[in-house]
Amino acid sequence: KRVVKFDRHARRRMKWRNITESEVMFVLDNPDRTEDTDKGRKNAYRIVKDQCIKVTFRTTDEEILVISAMRKKIGG
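In short, a report on the structure. (Residues numbered from 1 in each chain as written. Predicted model: local features only at pLDDT ≥ 70, side-chain atom pairs only at ≥ 80, totals over all residues. Heavy atoms only, no water.)

Description of the pairing of strand β4 (residues 51-59)
Consecutive residues of a regular strand have side chains that alternate between opposite faces of the sheet. Which entries qualify depends on this criterion: At least two DSSP bridges between two strands are required for those strands to pair. Strands here mean DSSP runs of E at least two residues long; helices mean DSSP runs of H or I at least four residues long; both are numbered from the N terminus.
As defined by bridge partners, strand β3 (residues 42-48) adjoins β4 across 7 bridges and the pair is classed as antiparallel. In the sheet register, Lys 42 faces β4, and the bridge partner there is Phe 57. The turn joining β3 and β4, which pair antiparallel and follow one another in sequence, is formed by 2 residues; a positive phi near 55° is taken by Lys 49. As paired elements, β4 and strand β5 (residues 63-73) share 9 bridges and run antiparallel to each other. When the bridges of β5 are listed, Thr 59 appears paired with Ile 64. Taking the residues that link successive antiparallel strands as the turn, the β4-β5 hairpin has 3 residues.

Have a look at this one:
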């Protein structure tokens, strides 16, 4: 299993957006969907209650580097 690391940007975003490490790990382990983005990155999405959590990350053979995380309210 790969080691998960968080870069400084991700830590700041998580703090500002009140997203926990365990929420990020849950999204990475159980995504509803993933997509490739630019610069070799991927986005993982997971619906949790009435919110969608998006985690942007990059993988190597040794690690998963979390680059950013955000949450968005779903519905009204």
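Describing the nonpolar core
The nonpolar side chains of a soluble globular protein tend to be buried with one another. What counts here: The definition of a nonpolar core used throughout is a set of buried Ala, Val, Leu, Ile, Met, Phe, Trp, Tyr and Cys residues joined through side-chain atoms within 4.5 Å. The cut-offs for exposure are 20% and 50% of the maximum accessible area for each residue type, with area from a 1.4 Å probe on protein chains only; residues under the lower value are buried, those over the upper are exposed, and the others partly exposed. In this analysis, two residues are considered to be in contact whenever any of their non-hydrogen atoms come within 4.5 Å of each other.
If you look at the biggest cluster of nonpolar residues, it comprises 14 residues, and the most contacted ones within it are Met 14, Val 24, Leu 28, Val 55, Phe 57 and Val 66. Looking at this core, the elements with two or more residues in it are α1 (8-16), α2 (21-29), β4 and β5. The residues contacting Leu 28, other than those within four sequence positions of it, are Val 4, Val 55, Phe 57, Ile 64 and Val 66.

Notes on the pairing of β3
As paired strands, strand β2 (residues 33-36) and β3 are joined by 4 bridges and run antiparallel to one another. Among the inter-strand pairings, Glu 35 is bridged to a residue of β3, identified as Asn 43.

Some thoughts on the pattern of salt bridges
Spelled out, the test is: The salt bridge definition used is simple: a Lys or Arg side-chain nitrogen within 4 Å of an Asp or Glu carboxyl oxygen.
Per the counting criterion, the structure on display carries 7 salt bridges. When the shortest N-O distance is used, the salt bridge between Arg 11 and Glu 21 registers 2.7 Å. Residue Arg 11 is located in helix α1, and its partner Glu 21 is located in helix α2; the two are separated by 10 residues in the primary sequence. A residue is classified by how much of its surface remains accessible, and Glu 21, at 39% relative accessible area, is partly exposed. The residue Asp 50 makes a salt bridge to Lys 73 at a minimum N-O spacing of 2.5 Å. Linking Asp 50 in the loop between β3 and β4 with Lys 73 in strand β5, this pair joins segments that are 23 residues apart in sequence. A residue is classified by how much of its surface remains accessible, and Asp 50, at 35% relative accessible area, is partly exposed.

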